[in-house]
Amino acid sequence: MIITLALASLVRHRARTVLAILGVAVSAAMLLDMVMLSSGMRESFRGLLLSQGFQLRLSPKGTLPFDTEATIRSADSIVALIRARPTVEAVSPVLGGQLHFPLAESMANATALGVEPAVQGDYELVEGRHPSAENELVANDALLRALGRSVGDTIRAAAGYDPQLRTLSGQRVLRIVGRVRFIYLALEQRAAALPIGTLRAMNGPTSIDRASLAMVRLRPGADVEQERTALERQLRTVTVISTAAALKQVDERLSYFRQLAVILGAVSLVVGFLLVTTLVTVSVNERLGEISVMRAIGVRRWRVVAQILLESTVIMIVAAPLGLALGLVTARWLNSILARFPGLPERIDFFLFQPSAAWTALGLLALSGILAGVYPSWRGASLPIASTLRQEAVG
Amino acid sequence: MTDIVDARGLVREYRMGEEIVHALRGVSLTVSEGEYVAIVGPSGCGKSTLLNLLGVIDRPQSGELSIAGERVDRLNDARATEFRLRRIGFVFQRFYLMQALTARENVELPLAEAGMAGTERRDRALELLDYVGLRKRERHRPSQLSGGEQQRVAIARALANRPALLLADEPTGELDARTGAEMIALFDRLNADGTTIVVVTHDEDLARAAKRVVHMRDGEIVA
């Protein structure tokens, strides 16, 4: 009966209830988006870093991978040394650089990654095959478009270009053997991968035995932190960073997003809370006589409280799925806009849907729905019965 | 005969701004089981205040009040609520039915609160609606009932838990003469069937129907 009365009071003012539900749904959508934003980029980076199964990354001492143009010296011997460790399953050295492609009337530039194709973890093959011979490369769609080439074509490339003298250095004719998608690079970034030896040779003496980065995949069961410490102790010229540490770095750099998300999420929650509190308070004020009569005929105080709390909770519960659906749609839309930020890896999502995020948002909404009913229910339940009835009779 | 109401020296004052209103100035009243008492007097004489104290929805500043043998002037909220539920029946001038509920559900409300099971509750509600002549209107909501019919439902609701005392505050105040007469007849029947009734009224016909009339003036019983 209390449920009937609670629902009836919501139905009695349909338009007002619907507007309140829509308002709460909008704030719920914002809340979900903010919860998704607060963890989305981190989880997205985490997925990216773990996608190829490499748990450790080596970079020149004191730097982060690809944070500077510094390179690791004696990279081949370091790689060999690491590969000799029983806990190590694979090591993938990577040399970063630039390639310049002279076209008929212009020059196309691209990021170049020198890799060992058999163990590389930087790209996924979409078409063709990995570069197995010295003068072969794979390229992404952005580069192929810029070059007007496709898999099977050859192209002249240079590792160096002097724009003043308009001279190219380290030239080769390379065969495009595959179309790829680079995991850590932006979608629009032109890029190619070729054997590390080829890129070193094109770069000249400064790149001999160099690598920008080495990624290490450990055997199952290996203690990542223990291996990291051991490698760093053994190799004095490199910094060894684990995925966990890299994520910590990401966390620090993304703290802006999290703070912003938490603040906006809290604001949307408070807006929803105030909306429901206002609606239910107005509704209670309109029913003071009815509530007083209920109390006069022996309805217990807690039932009045329960009825009013139920009203606020119902609004939140009805609004929540609407808000979640709206939140997912807006998150997708916002994600598509933010994904166009230059330089971001293709696979990074700002808004990552996770069931835990939805449950968190739902939990916060339910809690705020209950809290939103606290004031009006307290007001309703603590009415002085006699004087309220007297005022109602006079009114 | 047992006293259902035993009020001694009831004092109730209100503060209105700076002014203190002496609503009741030491009222004493006894009502025996099966009595039908009308409290009359000019507006503001304290009759509704007295009714509120008898109904345990208000507390006196001083004095003693026993209803059906139980001291009720110092009950806490929970016990007062329980007492009202089981021992008091209220009828209001404006009926105050729950608009969302049907006639039967309105009658069932105090029964549900008292913990009566569904089928038994429904049967009791129908029995009461039958008593007030509204059995066929059980599914109607208050907005579909006339004023007289709403007041009958309110009476059925007041009788739901077989109260020791039925209190009515201007029960004919919102009704036309003909319907008011029907209501007076219903109160007569209720009393004839053993219900103890205290009614506050300006309606002379209703007061005449009561077995005893108590006159109040300026917060005191004068006759």
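Residues numbered from 1 in each chain as written. Chains lettered and ligands numbered in written order. Predicted model: local features only at pLDDT ≥ 70, side-chain atom pairs only at ≥ 80, totals over all residues.

Undergrad: Would you mind going over the packing of helix H10 (residues 301–338) of chain A against helix H11 (residues 355–372) of chain A in detail, with residue names and values included?
TA: Residue and element names in this part refer to chain A. H11 packs onto H10 with a crossing angle of 155 degrees between their chain directions and a minimal axis gap of 8 Å. Here H11 runs roughly antiparallel to H10, going by the angle between their axes. Taken as a pair, H10 and H11 cross one another with a handedness that is right-handed. Residues Leu309, Ser312, Thr313, Ile315, Met316, Ile317, Ala320 and Leu324 of H10 form the contact with H11, whose participating residues are Ala358, Ala361, Leu362, Leu365, Ala366, Ser368, Gly369, Ile370 and Ala372. (Axes fitted to C-alpha atoms, helices over the stretch in contact; angles between N-to-C directions. Helix = DSSP H or I, 4+ residues; strand = E, 2+ residues; numbered from the N terminus. Parallel < 35°, antiparallel > 145°, perpendicular 65-115°, else oblique. Left-handed = near helix turned anticlockwise from the far one by under 90°. Contact = placed C-beta atoms within 7 Å.)

Undergrad: Go over helix H12 (residues 374–381) of chain A, please, and point to the residues and values.
TA: Each full turn of the α-helix corresponds to 3.6 residues, which orients residues three or four apart in the same direction. Residue and element names in this part refer to chain A. Looking at H12, one finds that the buried residues are Pro376, Ser377, Gly380 and Ala381. Along the long axis of H12, the arc covered by the buried residues comes to 125 degrees, so they all point the same way. Contacts from the buried residues of H12 go to helix H8 (255–286), helix H9 (288–296) and H10. (Buried ≥ 20, exposed ≤ 12 C-beta atoms within 10 Å, placed from the backbone. Arc of directions from axis to C-beta.)

Undergrad: Got a sec to walk through the packing of helix H2 (residues 14–50) of chain A against H8 of chain A? Specific residues and values, please.
TA: All names here are of chain A. The interhelical angle for the contact between H2 and H8, taken along N-to-C directions, is 165 degrees, at an axis separation of 8 Å. Judged on the interaxial angle alone, H8 and H2 are roughly antiparallel. For the pair H2 and H8, the sense of crossing is left-handed. For the contact of H2 with H8, the class distribution of residues is 18 nonpolar, six polar and two charged. (Nonpolar A, V, L, I, M, F, W, Y, C, P; charged D, E, K, R; others polar.)

Undergrad: Go over the environment of alanine 100 of chain B, please, and point to the residues and values.
TA: Summarising the element assignment, alanine 100 of chain B is placed in the loop between strand S6 (88–91) and helix H3 (103–113). Apart from the residues within four sequence positions on either side, alanine 100 of chain B is in contact with Thr4, Leu5 and Ala8 of chain A.

Undergrad: Which residues make up the sheet that holds strand S8 (residues 197–200) of chain B, and what are the values?
TA: Residues and elements named next belong to chain B. With mixed pairing, the six strands of this open sheet are ordered in space as S6-S7-S8-S3-S9-S10. Where the open sheet ends on each side, the last strands, each with one partner, are S6 and strand S10 (220–221). In this structure, S6 lies alongside strand S7 (residues 165–169), joined through four bridges in parallel fashion. Following the sheet pairing, glycine 89 is matched in S7 by leucine 166. Helix H1 (residues 47–54) rests against strand S3 (36–40), S7, S8 and strand S9 (212–217) of the sheet, and its axis sits at about 150 degrees to S8. Of the strands in this sheet, S3, S7 and S8 are in contact with helix H6 (residues 177–192), which crosses S8 at around 155 degrees. (Pairing = 2+ DSSP bridges.)

Undergrad: Quick one: what's the story with H10 of chain A, residue by residue and with numbers?
TA: Taking 1.5 Å per residue, 38 residues should reach 56 Å; H10 of chain A reaches 52 Å between its end C-alpha atoms and fits that length. By the largest-angle criterion, alanine 320 of chain A marks the main kink of H10 of chain A, which is about 30 degrees, and a proline, proline 321 of chain A, follows within four residues. (Expected span 1.5 Å × (residues − 1). Bend = angle between axes of the 7 residues up to and from the residue.)

Undergrad: Run through unusual backbone geometry, naming residues and quoting values.
TA: All names here are of chain B. We note that arginine 162 has phi near 50 degrees; this positive angle belongs to a residue other than glycine. If you trace the backbone, arginine 162 turns up in the loop between helix H5 (147–159) and S7. Classification of arginine 162 by C-beta neighbours within 10 Å gives exposed; the count is 10. Residues other than glycine seldom take positive phi values, yet aspartate 218 does so here, at roughly 50 degrees. With 14 C-beta atoms packed within 10 Å, aspartate 218 lands in the partly exposed category.

Undergrad: Talk me through the confidence of the model for chain B; I want residue IDs and the actual numbers.
TA: Detailed conclusions should not be drawn from predicted coordinates in areas where pLDDT is low. Counting all residues, the mean pLDDT for chain B is 93, and 100% of those residues have values of 70 or more. Reported confidences for the modelled complex are a pTM of 0.70 and an ipTM of 0.92. (pLDDT = per-residue confidence, 0-100.)

Undergrad: Give a detailed account of the nonpolar core, specifying residues and quantitative values.
TA: If you look at soluble globular proteins, the nonpolar side chains tend to sit buried side by side. Judged by nonpolar contacts, the single largest core of 127 residues is most densely connected at Val24, Ala28, Leu31 and Val276 of chain A together with Ile39 and Val198 of chain B. At 17 residues, H2 of chain A tops the list of elements feeding residues into this core. Leave out the neighbours within four places in its chain, and valine 276 of chain A touches Ala20, Val24, Ser312, Ile315, Met316, Gly369 and Ala372 of chain A. By size, the runner-up hydrophobic cluster in this structure holds 51 residues, among which are Ala110, Val115, Ile176 and Met202 of chain A. (Core = buried A, V, L, I, M, F, W, Y, C linked by C-beta atoms within 7 Å.)

Undergrad: Residue-level account of the pairing of strand S2 (residues 88–102) of chain A, with values.
TA: One face of the sheet, then the other: side chains in a regular strand alternate in exactly this way. Residue and element names in this part refer to chain A. Judged from the six bridges that link them, S2 and strand S9 (residues 213–218) form a sheet pairing that is antiparallel. Counterpart to serine 92 in the pairing with S9 is methionine 215. Of the strand pairs in this sheet, S2 and strand S3 (residues 107–115) are connected by nine bridges, and their pairing is antiparallel. Counterpart to leucine 95 in the pairing with S3 is glycine 114. Between the end of S2 and the start of S3, which pair antiparallel, lie four residues.

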